[in-house]
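A look at the structure
The chain contents come next:
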Amino acid sequence: MSRASSSAAHRVPDGPVLSVRDLIVDFGAAEPAVNGVSLDLWQGRILGVAGQSGSGKSMTALTSLGLAPPGAHITGSIRFRDQELVGVGQRTLSRVRGSGMTMIFQETNAALNPVIQVRKQLTLAVRANRDCNQDEAHELVVDALRDVRLDDTDRVLNSYPHELSGGMAQRVMIAMALVCGADVIFADEPTTALDVTVQREVMEIIRRVADEHRLAVMLISHDIGVLEEISDELAVMYRGRVVERGSTDDVIRAPEHPYTRALLDSIPRIGHELTEFVEMPSFDMDLTSLPAAERIAEGSHS
């Protein structure tokens, strides 16, 4: 599951599929939940976003989808291809959601309807976002399930969500993103509560479908070690800001920000003896005095 080998086969397009610039999401608290975030998502590539709870990771994704909670004051720019999304109406956002961008949530029990069979949920997703008849929708659903290595399609389609294991339910969520035909997928802690073996399988599937379907993926996790495995680039968030961003290899090999170093030092590694407890720095100073480490030069994706 090498990042270099997985992404090298695809030519990255001239511009990002999704471009976020100077995004601020403010609820009137002491600090904005998202405070000047700028990120790009590129076709066929995975951007891993790391940070502790409350750092603004999920809020950035939800706001990009037009799903920020009521009361949020949003400024900045979110461009999906040629469409500016900040300030547009719900009708425009509804057209983009699903067929353009979608989200894989961490809690499949909450994301999947517990009283509707998987068959109907996936078929409804197809019919809502694609112009096709019932037979065509069924074919798309079966292909998507096989794409995420759920080969016993009849059993899965006839099951209710509670009859599936956690790993199977998460694969159904990935399949739902695929059948919608989305170009951008936000995956928010998609391996929560899964054991390490299933966790790795789910991550491998996300990497493979990103490559094969040319998807732009934002993979969100508090665990930078998980992101290290499959991300092409990493962005580290703290207190609503991106404090470090760059290629995964560069960030992991030579982190420049003290928060990134603390995250990396927290990862238990085989053969590495941890001699003392790693405490995260408090960073009580003004974050504006700690500029983000920008390792990606302008035009390096072309």
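What you see is a predicted model; the values in this text were computed from it and never measured.

1. Some thoughts on the overall build of the protein chain
Counting its regular elements, the protein chain contains 12 helices and 11 strands. When each of the 302 residues of the protein chain is scored for burial, the buried share is 49%. Put simply, 69% of the contacts in the protein chain that link residues at least 6 apart link residues at least 24 apart. Split by element, the accessible area of the protein chain, about 14,400 Å² in all, is 49% carbon and sulfur.

2. Section: the side chain of Asp232
Following the sequence through the fold, Asp232 ends up in the loop between helix H10 (224–230) and strand E9 (233–238). Looking at Asp232, its side chain comes within polar contact range of the side chain of Arg207, at 3.1 Å.

3. Describing the packing of aromatic side chains
Going through the model one piece at a time under the given rule, you end up with one aromatic pair. Centroid distance Tyr238 to Tyr259: 4.7 Å. Interplanar angle 45 degrees. Geometry classified as tilted. Placement of Tyr238 in strand E9 and of Tyr259 in helix H12 (residues 258–265) is noted, with a sequence separation of 21 residues between them.

4. Observations regarding the confidence of the model for the protein chain
Mean pLDDT over the protein chain stands at 85; residues scoring 70 or higher make up 85%. This model gives residues 285–292 a pLDDT under 50, and the stretch forms 12 contacts once residues within four places in sequence are excluded. Predicted confidence is poor over residues 296–302, with pLDDT under 50, and the contacts of this stretch with residues over four places away or in other chains come to 10 contacts.

5. Let's talk about the pairing of strand E7 (residues 184–188)
Most of E7 is tucked away, with five of its five residues classed as buried. Residue alternation in E7 divides its side chains into two sets, Val184, Phe186 and Asp188 and Ile185 and Ala187, and both sets are buried. Strand direction decides the pairing type here: strand E6 (residues 101–104) and E7, joined by four bridges, are parallel. By the bridge assignment for E7, Met103 is matched with Phe186. When E7 meets strand E8 (residues 216–221), the two strands line up parallel, connected through five bridges.

6. Looking at unusual backbone geometry
With a phi close to 50 degrees, Asp22 is a non-glycine residue in the positive phi region. Phi angles above zero are rare outside glycine, and Arg149 is one such case at about 65 degrees. Looking at where Arg149 falls in the secondary structure, it is placed in the loop between helix H6 (134–147) and helix H7 (153–157).

7. Overview of H6
For H6, built from 14 residues, the straight-helix expectation of 20 Å at 1.5 Å per residue is met to within 8% by its first-to-last C-alpha distance of 20 Å. Along H6, the positions that sit buried rather than exposed are Ala137, Val141, Val142, Ala144, Leu145 and Asp147. Those residues of H6 that are buried are in contact with helix H5 (118–129), H7, helix H8 (166–179) and helix H9 (196–212). Where H6 begins, the capping side chain belongs to Asn133, and its oxygen is found 3.1 Å from the backbone nitrogen of Asp135. A positive backbone phi angle near 65 degrees is found at Arg149, which sits one or two residues after H6.

8. Structural notes on the environment of Ala193
In this structure, Ala193 sits in the loop between E7 and H9. Looking at Ala193, the relative accessible area reads 79%, which means it is exposed. Sequence separation between Ala193 and Gly166 is 27 residues, and the spatial gap between their C-alpha atoms is 7.8 Å.

9. Overview of the packing of H6 against H8
At a minimum axis distance of 9 Å, the contact between H6 and H8 shows a crossing angle of 130 degrees. When the interaxial angle is binned, H6 and H8 end up oblique. Considering the relative orientation of H6 and H8, their crossing is right-handed. Contacts from Leu140, Val141, Ala144, Leu145 and Asp147 of H6 reach H8 at Val172, Ala175, Leu178 and Val179. Looking at the contact of H6 with H8 residue by residue, the class counts come to eight nonpolar, no polar and one charged.

10. Some points on the pattern of salt bridges
Evaluation of the coordinates by the stated rule reveals 14 salt bridges. The partner of Asp40 in a salt bridge is Arg21, with the nearest N and O atoms 2.9 Å apart. Taken together, the positions of Asp40 in strand E2 (residues 34–41) and Arg21 in strand E1 (residues 18–26) put the pair 19 residues apart, joining distant regions of the chain. A relative accessible area of 17% places Asp40 in the buried class. Between Arg81 and Asp183 there is a salt bridge, with the nearest N and O atoms lying 3.4 Å from each other. With Arg81 in the loop between strand E4 (73–80) and strand E5 (83–84) and Asp183 in the loop between H8 and E7, this residue pair connects regions lying 102 residues apart in the sequence. Judged by its relative accessible area of 43%, Arg81 falls in the partly exposed class. Salt bridges sharing partners connect three or more residues here, namely Asp147, Arg208 and Glu212.

The rules behind the values
- Residues numbered from 1 in each chain as written.
- Predicted model: local features only at pLDDT ≥ 70, side-chain atom pairs only at ≥ 80, totals over all residues.
- Heavy atoms only, no water.
- Helix = DSSP H or I, 4+ residues; strand = E, 2+ residues; numbered from the N terminus.
- Buried < 20%, exposed > 50% of the residue type's maximum accessible area, 1.4 Å probe, protein only.
- Contact = heavy atoms within 4.5 Å.
- Areas by Shrake-Rupley, 256 points an atom, 1.4 Å probe, with all protein chains shown as cover.
- Polar contact = N/O pair within 3.5 Å; in protein donor to acceptor, adjacent residues only side chain to side chain.
- Phe/Tyr/Trp six-rings, centres within 6.5 Å; stacked < 30°, edge-to-face > 60°.
- pLDDT = per-residue confidence, 0-100.
- Pairing = 2+ DSSP bridges.
- Expected span 1.5 Å × (residues − 1).
- Axes fitted to C-alpha atoms, helices over the stretch in contact; angles between N-to-C directions.
- Parallel < 35°, antiparallel > 145°, perpendicular 65-115°, else oblique.
- Left-handed = near helix turned anticlockwise from the far one by under 90°.
- Nonpolar A, V, L, I, M, F, W, Y, C, P; charged D, E, K, R; others polar.
- Salt bridge = Lys/Arg side-chain N within 4 Å of Asp/Glu carboxyl O.

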